[in-house]
Amino acid sequence: MAGTAGRVAKAMRAGHQASAGELLDLVRSGRATTRGALQQATGLSRATVGQRLDRLFRAGWLREGAGGPVDSPQGGRPSITLEFDDEHAVVLAADLDTRHGRAAVVSLSGEIQAEHHGSLRIEDGPDAVLGELGRWFAELLEKAGQRADAVCGIGIAVPGPVDTDTGKVVQPPIMPGWDGYDIRGRLGRAFAEHAGIKSSGGATGAGGTRSGARIPVLVDNDANLMAYGEQRTGYPDCSAFALVKVSTGIGAGMVVGGSIYRGVDGGAGDIGHIRVGADALCRCGSYGCLAAVASGGAVARRLAESGVPATSGSDVRDLLTAGHPEAMALAREAGRQVGDVLATVVTLLNPGVLMIAGDLAGTPFLTGVRELLYQRALPRSTAHLDVVTSRLGERAGLVGAGALVVEYLYAPERVEERLAALGV
């Protein structure tokens with residue numbers, strides 16, 4: 001959002017008049033937070049700025065803050081600052097893994113107001129899983145003291161490649177029965193059913209949607225949303241950020257220039273299926289994939305073969321937490337295998353931060369990654385690289401899903417659409 005003022009100024013020079021959505025964007029970014037500053041940034045008259053702001057106030061999206069610095073060098077009264085009102089609505093967020101799920105009510109500023117974590121098996125299929133999520137959401141709203149009409153959108157992270165235009169997963173290796181399924185429609189209906197939202201009619205709620213209107217549902221890959229949440233909260237100035245999630249599978253999310261990089265159809269970051277020369281059979285049906293030899297599932301399988309009870313990445317995580325020596329040795333070995341692949345990723349992307357997350361993201365695995373990464377990558381590629389572990393932990397996907405919804409709904413062009421729908 002740091003470039004908003006520059007984009008607006010360029011548009012002004014081209015004869016474009018800033019919309020209410022663009023004024024809101026300037027306020028949210030902190031680039032212009034008084035009426036005078038908005039006039040300077042946009043070239044609009046005082047009256048026109050006032051008209052645009054009035055629409056935002058009537059929608060409940062702006063509020064006045066404390067007095068700011070005096071705009072005029074001649075002195076006078078302090079200018080009243082403008083703030084995005086992050087209390088007028090909430091977002092529902094969910095993060096699915098292969099065997100469990102996490103859901104939350106998230107404020108527009110990213111604060112988690114209520115949260116639930118429980119067993120939720122991807123292999124049970126989308127209808128059952130999304131139906132249960134709808135129930136969780138309704139219960140969480142009650143726990144958070146929020147009404148259903150305060151919800152402005154829903155974000156969900158899933159462990160597979162996603163076509164973000166349709167919200168459908170595309171040939172997901174570890175999500176049987178989910179390929180091409182209408183996640184948006186099913187989750188929206190499930191939430192409406194459990195929250196008691198009528199299917200038609202109704203008044204406009206605080207979330208900016210009518211109680212009978214379909215609530216926007218955004219779907220993205222779990223590693224993408226983890227990366228987005230971590231980058232925005234911990235590394236906002238990092239222009240190239242990469243996160244690798246190593247759990248039952250392996251995936252990567254990348255944030256470049258402040259936006260998630262997804263590739264042409266959502267397939268970017270699927271490093272778990274890079275061939276590494278081994279003969280192990282992967283769940284995708286191919287042999288030699290990185291995930292088949294270095295994921296949490298692969299480590300669990302090797303532990304089970306040696307008589308240690310483990311069936312998933314979460315089981316390995318528990319063993320690592322307990323200091324199990326064989327689990328620690330295998331995790332370090334897996335880290336070396338992943339680090340070998342990441343040497344190429346780092347050389348190609350040249351990130352400022354490489355974050356390791358997921359069930360295996362502990363000291364043994366991280367040590368292995370660093371051993372091979374710094375050995376194989378060119379010094380030029382790692383000179384300004386920080387290799388770190390997750391700050392947000394298991395909440396990263398929830399925070400990222402919430403942020404994705406907020407940025408989508410309050411983008412300038414969508415603000416105009418929503419204001420028109422609200423009749424302001």
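Residues numbered from 1 in each chain as written. Predicted model: local features only at pLDDT ≥ 70, side-chain atom pairs only at ≥ 80, totals over all residues. Heavy atoms only, no water.

**Student:** Tell me about the overall build of the protein chain, and please be specific about residues and values.
**Tutor:** For the protein chain, the helix and strand inventory stands at 15 helices and 14 strands. Against the globule reference of 22 Å for 424 residues, the protein chain gives a C-alpha radius of gyration of 23 Å, in line with a compact fold. In terms of overall dimensions, the protein chain has a C-alpha envelope of 75 × 55 × 35 Å along the principal axes. Looking at the protein chain residue by residue over its 424 residues, the buried ones come to 52%. Of the contacts formed within the protein chain by residues at least 6 apart in sequence, a portion of 62% connects residues at least 24 apart. Carbon and sulfur atoms make up 48% of the accessible area of the protein chain, which totals about 18,600 Å². The protein chain carries 42 positive and 46 negative side-chain charges, and their two centres are separated by 5 Å. (Helix = DSSP H or I, 4+ residues; strand = E, 2+ residues; numbered from the N terminus. Rg over C-alpha atoms; globule rule 2.2 N^0.38 Å. Buried < 20%, exposed > 50% of the residue type's maximum accessible area, 1.4 Å probe, protein only. Contact = heavy atoms within 4.5 Å. Areas by Shrake-Rupley, 256 points an atom, 1.4 Å probe, with all protein chains shown as cover. Lys, Arg positive; Asp, Glu negative; His and termini not counted. Charge placed at Lys NZ, Arg CZ, Asp CG, Glu CD.)

**Student:** How would you explain the sheet that holds strand 12 (residues 259-260) if you had to name every residue and give the values?
**Tutor:** If you trace the five strands from one edge of the open sheet to the other, you get 12-11-10-13-14, paired in mixed fashion. Where the open sheet ends on each side, the last strands, each with one partner, are strand 12 and strand 14 (386-389). Inspection of the sheet shows strand 10 (residues 240-246) paired to strand 11 (residues 250-256) by seven bridges, in the antiparallel sense. Residue pairing across strands places Lys245 opposite Gly251, the latter belonging to strand 11. The strands touched by helix 12 (residues 363-376) are strand 10, strand 13 (353-357) and strand 14; relative to strand 14, the strand with the most contacts, the crossing angle is about 165°. (Pairing = 2+ DSSP bridges. Axes fitted to C-alpha atoms, helices over the stretch in contact; angles between N-to-C directions.)

**Student:** I'd like to hear about unusual backbone geometry, residue by residue, with values.
**Tutor:** In this structure, Gln171 is a non-glycine residue whose phi angle is positive, near 45°. Along the chain, the position of Gln171 falls in the loop between strand 8 (168-169) and helix 6 (183-195). For Gln171, a relative accessible area of 65% gives the class exposed. Positive phi, normally seen in glycine, also occurs at Asn350, with a value near 55°. As for its position among the elements, Asn350 is in the loop between helix 11 (325-349) and strand 13. Assessed through its relative accessible area of 40%, Asn350 is described here as partly exposed.

**Student:** Provide a residue-level description of the pairing of strand 3 (residues 90-96), including the pertinent values.
**Tutor:** For strand 3, the buried fraction is high: seven of the seven residues fall into the buried class. With seven bridges joining them, strand 3 and strand 4 (residues 100-107) adopt antiparallel strand pairing. Among the inter-strand pairings, Ala94 is bridged to a residue of strand 4, identified as Ala103. Taking the residues between adjacent antiparallel strands as the criterion, strand 3 and strand 4 are bridged by three residues. Pairing geometry for strand 3 and strand 6 (residues 151-158), over six bridges, is parallel. Looking at the pairing, Asp95 lines up with Ala157 of strand 6.

**Student:** So what's going on with the side chain of Asp97? Residues and values would help.
**Tutor:** If you trace the backbone, Asp97 turns up in the loop between strand 3 and strand 4. Relative accessible area serves as the criterion here: at 11%, Asp97 is assigned to the buried category. Non-local contacts of Asp97, meaning those with residues more than four positions away in its chain, are made with Leu120, Ile122, Pro159, Lys245 and Ser247.

**Student:** Describe the sheet that holds strand 6, listing the residues and the values that go with them.
**Tutor:** Strands sit in the order 5-4-3-6-9 across an open sheet of five strands; the sheet is mixed. Looking at which strands have only one partner, the edges of the open sheet turn out to be strand 5 (112-119) and strand 9 (217-221). Taken pair by pair, the neighbouring strands of this sheet meet at an average axis angle of 15°, ignoring direction. The strands touched by helix 5 (residues 126-144) within the sheet are strand 3, strand 4, strand 5 and strand 6, with strand 4 carrying the most contacts at an inclination of about 40°.

**Student:** How would you summarise the pattern of salt bridges if you had to cite specific residues and measurements?
**Tutor:** What the rule picks out here adds up to 27 salt bridges. Arg121 is paired through a salt bridge with Glu123; the nearest N and O atoms lie 2.3 Å apart. When salt bridges with common partners are traced through the structure, they connect Arg102, Glu115, Arg317, Asp318, Asp359, Glu394 and Arg395 into a single cluster. (Salt bridge = Lys/Arg side-chain N within 4 Å of Asp/Glu carboxyl O.)

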